[in-house]
Amino acid sequence: TQPAASFGYAWLGLERVTITRTFTAAIQLTNNATNRSPTVTINDSAILNTGGIKVSNGANVSVARSTIDGCGPPACLDASGAANFVNFEVVNSEIKHGPGGIRVSLDGAAGGIVNLADSRVTQIFPGEAIYLRGTTNGVQLDAVRNMINSNNRGIAVDTNGHVKLMGNQIVWNSTGGLVKLSQTNTYIESLNNNYITSNGWGPGSLPDEVPAI
């Protein structure tokens, strides 16, 4: 927890660690400060059969060369709240077997960014591999060279969500690979060499999903 009157920054580093069967959140970050956010780095580790990693009111979370398997609800990496900026960095890692993969759903003046590179998000049901919803500051996903496959839904972009894609494979997601849940300040930009196919073969998309690719 980041105290409201703190002058420093709360920081937790995990390296070559296994966290398993916690039933609640493996790591919970609560930020009570208005101009500071806690930081967590997870390297070469495994988080298995837990409630995932939960962020409230802003944090910096870095995951590298790690596996998050069997997590949630609501998601393996979940950010909510209204107070501060959220930053998720996921590199060379795998997220799988959860009701949601990476979920950023923010209120108030908060904003966020998700950097996802050289990673895999798979077997996420019944939610989305990645879900983005922001406020006036927005939430942006920069995804480079990832595999997003075999989920209920691939990337779902809600109000004030922005996506930039380069070199990704988005395949076999049953209710859509790329889905806009809202037309309010949302965009999906495909920059180069994305392979998006064989999505939407399962149950039909919800009526307010426009479009599903």
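Note that this is a predicted model, so its numbers are computed, not measured. (Residues numbered from 1 in each chain as written. Predicted model: local features only at pLDDT ≥ 70, side-chain atom pairs only at ≥ 80, totals over all residues. Heavy atoms only, no water.)

> Mind showing me how you'd approach the overall build of the protein here?
Counting secondary structure elements, the protein contains 0 helices and 23 strands. Radius of gyration (C-alpha) of the protein: 16 Å, near the 17 Å computed for a compact globule of 213 residues. For the protein, the spread of C-alpha atoms along the three principal axes comes to 50 × 35 × 30 Å. If you sum the accessible surface of the protein, you get close to 9,000 Å²; carbon and sulfur atoms cover 53% of it. Treating the 13 positive side-chain charges of the protein as one cloud and the 14 negative ones as another, the clouds have centres 4 Å apart. (Helix = DSSP H or I, 4+ residues; strand = E, 2+ residues; numbered from the N terminus. Rg over C-alpha atoms; globule rule 2.2 N^0.38 Å. Areas by Shrake-Rupley, 256 points an atom, 1.4 Å probe, with all protein chains shown as cover. Lys, Arg positive; Asp, Glu negative; His and termini not counted. Charge placed at Lys NZ, Arg CZ, Asp CG, Glu CD.)

> When you look at the side chain of serine 45 in this model, what are you seeing that I'm missing?
Inspection of the secondary structure puts serine 45 in the loop between strand 4 (39–43) and strand 5 (46–48). A polar side-chain atom of serine 45 sits 3.2 Å from the main-chain amide nitrogen of arginine 16. (Polar contact = N/O pair within 3.5 Å; in protein donor to acceptor, adjacent residues only side chain to side chain.)

> What is the right way to look at the environment of glycine 111 in this model?
For glycine 111, the position within the fold is in the loop between strand 12 (102–105) and strand 13 (112–117). Counting along the chain gives 68 residues from glycine 111 to valine 179, while the straight-line C-alpha distance between them is 20 Å. Once residues lying within four places of it in the same chain are set aside, the contact partners of glycine 111 are Asn84, Phe85, Val86, Leu106, Asn137 and Gly138. (Contact = heavy atoms within 4.5 Å.)

> Got a minute to help me understand the pattern of salt bridges in this structure?
Pairing is possible between side chains of opposite charge, provided their charged atoms come close. Under the defined criterion, the tally for this structure stands at 8 salt bridges. Across the pair lysine 96 and glutamate 94 runs a salt bridge whose closest N-O atoms are separated by 3.5 Å. Classification of glutamate 94 as buried rests on a relative accessible area of 18%. Linking aspartate 118 and arginine 145 is a salt bridge whose minimum nitrogen-to-oxygen distance equals 2.8 Å. (Salt bridge = Lys/Arg side-chain N within 4 Å of Asp/Glu carboxyl O. Buried < 20%, exposed > 50% of the residue type's maximum accessible area, 1.4 Å probe, protein only.)

> Can you walk me through the nonpolar core in this structure?
Within soluble globular proteins, side chains that are nonpolar generally end up buried alongside one another. Ranked by size, the top nonpolar core spans 42 residues in total, and within it Leu77, Phe88, Ile102, Ile130, Leu141 and Ile155 carry the most contacts. Leaving out residues up to four positions away in the same chain, leucine 141 has contacts with Val114, Leu116, Ile130, Leu132, Ile155, His162, Val163 and Lys164. (Core = buried A, V, L, I, M, F, W, Y, C linked by side-chain atoms within 4.5 Å.)

> How should I be thinking about unusual backbone geometry in this particular structure?
Negative phi values dominate among residues other than glycine, just as trans dominates among peptide bonds. With an omega of 0 degrees, the peptide bond between proline 73 and proline 74 qualifies as cis. Mapped onto the secondary structure, proline 74 falls in the loop between strand 8 (67–69) and strand 9 (77–80). Of the consecutive residues phenylalanine 125 and proline 126, the connecting peptide bond is found in the cis state with omega at 5 degrees. The residue proline 126 is located in the loop between strand 14 (120–124) and strand 15 (128–133) in this model. For arginine 16, which is not a glycine, the phi torsion comes out positive at approximately 55 degrees. Counting through the fold element by element, arginine 16 comes out in the loop between strand 1 (11–15) and strand 2 (18–20). Its relative accessible area of 67% is what places arginine 16 among the exposed residues.

> How do you make sense of the confidence of the model for the protein when you look at a structure like this?
Low pLDDT means the predicted atomic positions in that stretch should not be read closely. Scored by pLDDT, the protein has a mean of 90; 94% of the residues are at 70 or more. This stretch, residues 204–213, has a pLDDT under 50; its non-local contacts, to residues over four places away or in other chains, come to 22 contacts. (pLDDT = per-residue confidence, 0-100.)

> Looking at this structure, how should I read the sheet that holds strand 19 (residues 161–166)?
Backbone hydrogen bonds hold the strands of a sheet together, and the pairing may be parallel or antiparallel. With parallel pairing, 8 strands are arranged side by side in an open sheet as 1-4-7-10-13-16-19-22. Both edges of this open sheet fall to strand 1 and strand 22 (187–192), since each of them pairs with a single strand only. If you compare each strand with its neighbour and ignore which way they point, the axes differ by 5 degrees on average. When strand 1 meets strand 4, the two strands line up parallel, connected through 5 bridges. Along strand 4, the bridge assignment pairs glycine 13 with threonine 41. (Pairing = 2+ DSSP bridges. Axes fitted to C-alpha atoms, helices over the stretch in contact; angles between N-to-C directions.)

> Can you help me understand the sheet that holds strand 14 in this one?
If you walk across this open sheet you meet the 8 strands as 2-5-8-11-14-17-20-23, and the pairing is parallel. In this open sheet, the two edge strands, each paired with only one partner strand, are strand 2 and strand 23 (195–197). Recorded for the sheet is a direction-independent mean angle of 5 degrees between the axes of neighbouring strands. As judged from the 4 bridges shared by strand 11 (residues 94–98) and strand 14, these two strands associate in the parallel manner. In the strand pairing of strand 14, isoleucine 95 is matched with valine 121.

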